[in-house]
Amino acid sequence: MQGKGTFISPFHRPRCLAAAAPAGKAKLTHPGKAILAGGIAGGIEICITFPTEYVKTQLQLDEKANPPKYRGIGDCVKQTVQSHGIKGLYRGLSSLLYGSIPKSAVRFGVFEFLSNHAKDESGRLDSTKSLLCGLGAGVMEAVLVVCPMETVKVKFIHDQTSANPKYKGFFHGVREIVRAQGLRGTYQGLTATVLKQGSNQAIRFFVMTSLKNWYKGDNPNKAINPLVTGLFGAIAGAASVFGNTPLDVIKTRMQGLEAHKYKSTLDCAMKILRYEGLAAFYKGTVPRLGRVCLDVAIVFIIYEEVVKVLNMVWKTE
């Protein structure tokens, strides 16, 4: 057995993978590549999925006490198209697009930075550590990008439902919000946003990493087909929707034009529960589920493919 030891020694077997070693090293994605790939993926994704985001936000803002303006998803789409045309479903896209690119860039950049320090010698990231890395990425994107971006987006969409819309465009809207409420006006609902984004990315990266580890088995260098990546992304997205839709509803209310009705995130949650019931925390779940599953699937597919291209043209090791 000693004579054959060289064929089974764990110190010898990697020689068989000598050519693949650099690819294994590349799994430690450079944060710069992650930022660029994440930004590209985020920009493409939001252009595809924005109409469902618009409908979700409209339904969440359509409080029972008003009384409700819409009877459901289909009615919301119908009324919007009748009043504003197809382009009405894209009202607020500019504010979300300007934020979506840096949001995904920060998310993937921070996640790769943290995960690079959390992976073991073989480049494998276990599920628990991926949850913590995702949490860190979510908190950072919430503070740096998501909160101000989402606040402006919700105000834009809410403004359209008023009798006399006052925002003429993205920069005009931002200027008006800052002039009326100061910079603080773009940071309404920060606590709810941090909770939502932190839990969002913790759940998504946890599920995504768990599925990828299961798929790769004992071979961390096993390639994953883009369609499989998309399927895993959709599953991760669905898990995050059911896990934190209540936080998304609270965040949307805190960032709307009537946010002044709530003293704090907790006060908002208590008033929704008291006046509208538990079901109100899941308003907009169906359109959000469709958008998020498609969103996460698209983002992960594009991200992984762009990273592959960058690994060929941008040598970081």
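It should be emphasised that the depicted structure is a prediction, and the values quoted were computed from it without experimental measurement.

## What about the packing of aromatic side chains?
Enumeration according to the criterion identifies 7 aromatic pairs in this entry. Residues phenylalanine 108 and phenylalanine 205 carry aromatic rings whose centres are separated by 6.0 Å and whose planes lie at 80 degrees to one another, so their mutual orientation is edge-to-face. Within this pair, whereas phenylalanine 108 is found in helix α5 (residues 93-118), its partner phenylalanine 205 is found in helix α8 (residues 190-216), the two being separated by 97 residues in sequence. Take phenylalanine 108: its relative accessible area is 1%, and that puts it in the buried class. For phenylalanine 205, a relative accessible area of 4% gives the class buried. With 5.8 Å between their ring centres and 80 degrees between their planes, phenylalanine 205 and phenylalanine 300 make a pair best called edge-to-face. Here phenylalanine 205, found in helix α8, pairs with phenylalanine 300, found in helix α11 (residues 285-313); they are 95 residues apart in sequence, far enough to count as distant.

## Quick notes on the packing of helix α3 (residues 31-61) against α11
For the pair α3 and α11, the least separation of the axes is 8 Å and the interaxial angle reads 165 degrees. Taken together, the axis directions place α3 and α11 in an arrangement best described as roughly antiparallel. You can see that α3 and α11 cross each other, and the crossing is right-handed. In the contact of α3 with α11, the residues fall into 18 nonpolar, 4 polar and 7 charged.

## Remarks on the confidence of the model for the chain
Overall, the prediction assigns the chain a mean pLDDT of 83, with 89% of residues at 70 or greater. Mean pLDDT across the elements of the chain bottoms out in helix α2 (residues 21-26) (43) and peaks in α8 (92). Scored below 50 in pLDDT, residues 1-26 shows 6 contacts in the model against residues more than four places distant or in partner chains.

## As for the nonpolar core
Counting residues in each nonpolar core, the largest one holds 29 residues, and the members touching the most others are Ala37, Phe108, Phe111, Phe300 and Tyr303. Listing elements by their share of this core, those giving two or more residues are α3, α5, α6 (127-160), α8, α9 (226-255) and α11. Broken down by element, this core gets its largest block of residues, 10 residues, from α11. Excluding residues within four positions of it along the chain, phenylalanine 108 makes contact with Ala34, Gly38, Phe205, Val299, Phe300 and Tyr303. Listed in part, the 12 residues of the second largest apolar core include Val55, Leu59, Tyr70 and Leu93.

## Looking at empty space enclosed by the protein
Inspection of the entire model under this criterion finds 2 cavities of 30 Å³ or more. Estimates place the volume of the largest cavity at around 170 Å³. Along its surface, the largest cavity is lined by 19 residues, and Lys103, Glu150, Lys196, Arg291 and Asp295 are the ones closest to its centre. Elements that contribute at least two residues to the lining of the largest cavity include exactly α3, α5, α6, α8 and α11.

## Description of the side chain of glutamine 58
Relative to the elements of secondary structure, glutamine 58 occurs in helix α3. Take glutamine 58: its relative accessible area is 2%, and that puts it in the buried class. The contact partners of glutamine 58, leaving out residues within four places of it in the chain, are Tyr70, Cys76, Ile157 and Thr161.

## Examining the pattern of salt bridges
In the structure shown here, the tally under the stated rule is 7 salt bridges. The closest approach of N and O atoms between glutamate 141 and arginine 107, which form a salt bridge, is 2.9 Å. With glutamate 141 in helix α6 and arginine 107 in helix α5, the pair connects residues that are 34 residues apart, well separated along the chain. Owing to a relative accessible area of 0%, glutamate 141 belongs among the buried residues under this scheme. Across the pair lysine 308 and glutamate 305 runs a salt bridge whose closest N-O atoms are separated by 3.1 Å. With lysine 308 and glutamate 305 both in helix α11 and 3 residues apart, the pair spans about one turn of that helix. Exposure remark for lysine 308: the relative accessible area of 40% places this residue in the partly exposed category.

## What about the environment of valine 307?
Counting through the fold element by element, valine 307 comes out in helix α11. Classification of valine 307 by relative accessible area gives buried; the value is 6%. Separated by 277 residues in the primary sequence, valine 307 and histidine 30 have C-alpha atoms spaced 9.5 Å apart. Residue contacts for valine 307: discarding those within four places in its chain leaves Thr29 and Ala37.

## Things to note about the packing of α8 against α9
Running from N to C, α8 and α9 point in directions that differ by 170 degrees, and their axes come no closer than 8 Å. On the basis of the axis angle, α8 is roughly antiparallel to α9. Here the contact of α8 with α9 is built from residues that sort into 15 nonpolar, 10 polar and 5 charged.

About the thresholds
Residues numbered from 1 in each chain as written. Predicted model: local features only at pLDDT ≥ 70, side-chain atom pairs only at ≥ 80, totals over all residues. Heavy atoms only, no water. Phe/Tyr/Trp six-rings, centres within 6.5 Å; stacked < 30°, edge-to-face > 60°. Helix = DSSP H or I, 4+ residues; strand = E, 2+ residues; numbered from the N terminus. Buried < 20%, exposed > 50% of the residue type's maximum accessible area, 1.4 Å probe, protein only. Axes fitted to C-alpha atoms, helices over the stretch in contact; angles between N-to-C directions. Parallel < 35°, antiparallel > 145°, perpendicular 65-115°, else oblique. Left-handed = near helix turned anticlockwise from the far one by under 90°. Nonpolar A, V, L, I, M, F, W, Y, C, P; charged D, E, K, R; others polar. pLDDT = per-residue confidence, 0-100. Contact = heavy atoms within 4.5 Å. Core = buried A, V, L, I, M, F, W, Y, C linked by side-chain atoms within 4.5 Å. 1 Å grid on protein atoms, 1.4 Å probe; cavity = no way out; pocket = protein on both sides within 12 Å on 5 of 7 lines; lining within 4 Å. Points joined across faces, edges and corners; volume = space filled by probe spheres on them. Salt bridge = Lys/Arg side-chain N within 4 Å of Asp/Glu carboxyl O.

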